[in-house]
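Spelled out, the chains give:
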Amino acid sequence: MMRVLLLSLMMIFTVFTGTTARADKDSWKQSCQKAQGIFSILKQESGELPVCFFGEAVVGAEALSAVQDEGVQTQSLDAYKKGRTASVRGGVCGAFNAELVTAKDAKGTTYNFCRFEDRSVMEETTLWLGPGASLSGSLDKALSRIN
């Protein structure tokens, strides 16, 4: 009896979390497209990483959605807006006390991201160059329309 109850609870949890994750990804995709970016899901060892490409600049889709739809400023976008970081021990991510994580696209291209304490992410080179860089122009335009 206990096994049946436990199995039922696990199935309900799996269905609920799968539906929630799918709804989140749809919302993130819509936010990305609304900002005139290209939504993509990169693969990590630990799962998936939904991102939004603005030319060569890449930001986490969840962070973009948070600021665009809810007006919530994420640590990754806040760090980006602060501009270029000095080269310090621990690299770009270390300068912001963020963790370096990698993800790959369908073609096998590897991207380095800084994952912040609030779980928001920003591609490492995008973060390092900051606003005003030629590589970041499309992202800067998108953020100026949001703020």
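Asks: Looking at this model, I keep getting lost on the pattern of salt bridges. Mind explaining?
Replies: Note on pairing: side chains with opposite charge can pair once their charged atoms come close. Applying the stated rule across the entire model yields three salt bridges. For the salt bridge of Glu 48 with Lys 43, the shortest nitrogen-to-oxygen distance reads 3.1 Å. Classification of Glu 48 by relative accessible area gives partly exposed; the value is 36%. Linking Asp 78 and Lys 82 is a salt bridge whose minimum nitrogen-to-oxygen distance equals 3.7 Å. Here Asp 78 pairs with Lys 82, and both are found in helix 3 (residues 75-82), just four residues apart, close to one helical turn. Judged by its relative accessible area of 34%, Asp 78 falls in the partly exposed class.

Asks: Hey, could you run me through helix 2 (residues 61-70) in this one?
Replies: Owing to its 3.6 residues per turn, the α-helix aligns residues three or four sequence positions apart on the same side. Burial runs high along helix 2: seven of the 10 residues are buried. Turning to helix 2, its buried residues number three or more, namely Ala 61, Ala 63, Leu 64, Ser 65, Ala 66, Val 67 and Gln 68. Downstream of helix 2 by a residue or two, Gly 71 has a phi angle that is positive, lying close to 70°.

Asks: Teacher, can you tell me more about the pairing of strand 4 (residues 99-104) here?
Replies: Two faces belong to every sheet, and in a regular strand the side chains alternate between them. Both strand 4 and strand 5 (residues 110-115) contribute to a ladder of six bridges, which runs antiparallel. Counted as the bridge partner of Thr 102 is Asn 112 from strand 5. Counting the residues that bridge the hairpin from strand 4 to strand 5 gives five residues, and of these Gly 108 lies at a positive phi of roughly 95°.

Asks: What am I meant to see in the state of the cysteines here?
Replies: When the sulfur atoms of two cysteines share a covalent bond, that bond is a disulfide. In this structure the tally under the stated criterion is two disulfides. Note on cysteine connectivity: Cys 32 is disulfide-linked to Cys 52, with sulfurs 1.9 Å apart. The disulfide joining Cys 32 to Cys 52 has a torsion of about 85° about its S-S bond and is therefore right-handed. With Cys 32 in helix 1 (residues 2-34) and Cys 52 in strand 2 (residues 47-54), this pair connects stretches of sequence that are 20 residues apart.

Asks: Explanation requested: unusual backbone geometry in the structure shown.
Replies: Comment: phi is negative for the bulk of residues other than glycine, and the bulk of peptide bonds are trans. If you check the backbone angles, Asn 97 has positive phi at about 55° while not being a glycine. The backbone of Arg 119 shows a phi angle near 80°, a positive value even though the residue is not glycine. Mapped onto the elements, Arg 119 comes out in the loop between strand 5 and strand 6 (121-123). Classification of Arg 119 by relative accessible area gives exposed; the value is 54%.

Asks: Help me out: how do you make sense of the nonpolar core in this one?
Replies: Side chains of nonpolar character tend, in soluble globular proteins, to be buried together. Counting 25 residues, the largest nonpolar core has Phe 54, Val 59, Leu 64, Leu 127 and Leu 139 as the members making the most contacts within it. At the level of secondary structure, the elements contributing two or more residues to this core comprise helix 1, strand 2, strand 3 (57-60), helix 2, helix 3, helix 4 (91-95) and helix 6 (137-146). Sort the elements by how many residues they give to this core and helix 2 lands first, with four residues. The contacts of Leu 139, once residues within four sequence positions are left out, are Phe 54, Ala 57, Val 59, Tyr 80, Met 122 and Thr 126. Listed in part, the 10 residues of the second largest apolar core include Leu 42, Val 58, Val 101 and Val 121.

Asks: Which parts of the structure should I look at to understand the side chain of Asp 140?
Replies: In this structure, Asp 140 sits in helix 6. Nearest to the buried, unbridged Asp 140 among oppositely charged side chains is Lys 81, at 9.3 Å. Of note is the side chain of Asp 140, whose polar atom sits 2.7 Å from the backbone nitrogen of Gly 132. When residues no more than four places from it in sequence are discounted, the contact partners of Asp 140 are Tyr 80, Pro 131, Gly 132 and Ala 133.

What counts as what
- Residues numbered from 1 in each chain as written.
- Predicted model: local features only at pLDDT ≥ 70, side-chain atom pairs only at ≥ 80, totals over all residues.
- Heavy atoms only, no water.
- Salt bridge = Lys/Arg side-chain N within 4 Å of Asp/Glu carboxyl O.
- Buried < 20%, exposed > 50% of the residue type's maximum accessible area, 1.4 Å probe, protein only.
- Helix = DSSP H or I, 4+ residues; strand = E, 2+ residues; numbered from the N terminus.
- Pairing = 2+ DSSP bridges.
- Disulfide = S-S within 2.5 Å.
- Core = buried A, V, L, I, M, F, W, Y, C linked by side-chain atoms within 4.5 Å.
- Contact = heavy atoms within 4.5 Å.
- Lys, Arg positive; Asp, Glu negative; His and termini not counted.
- Polar contact = N/O pair within 3.5 Å; in protein donor to acceptor, adjacent residues only side chain to side chain.

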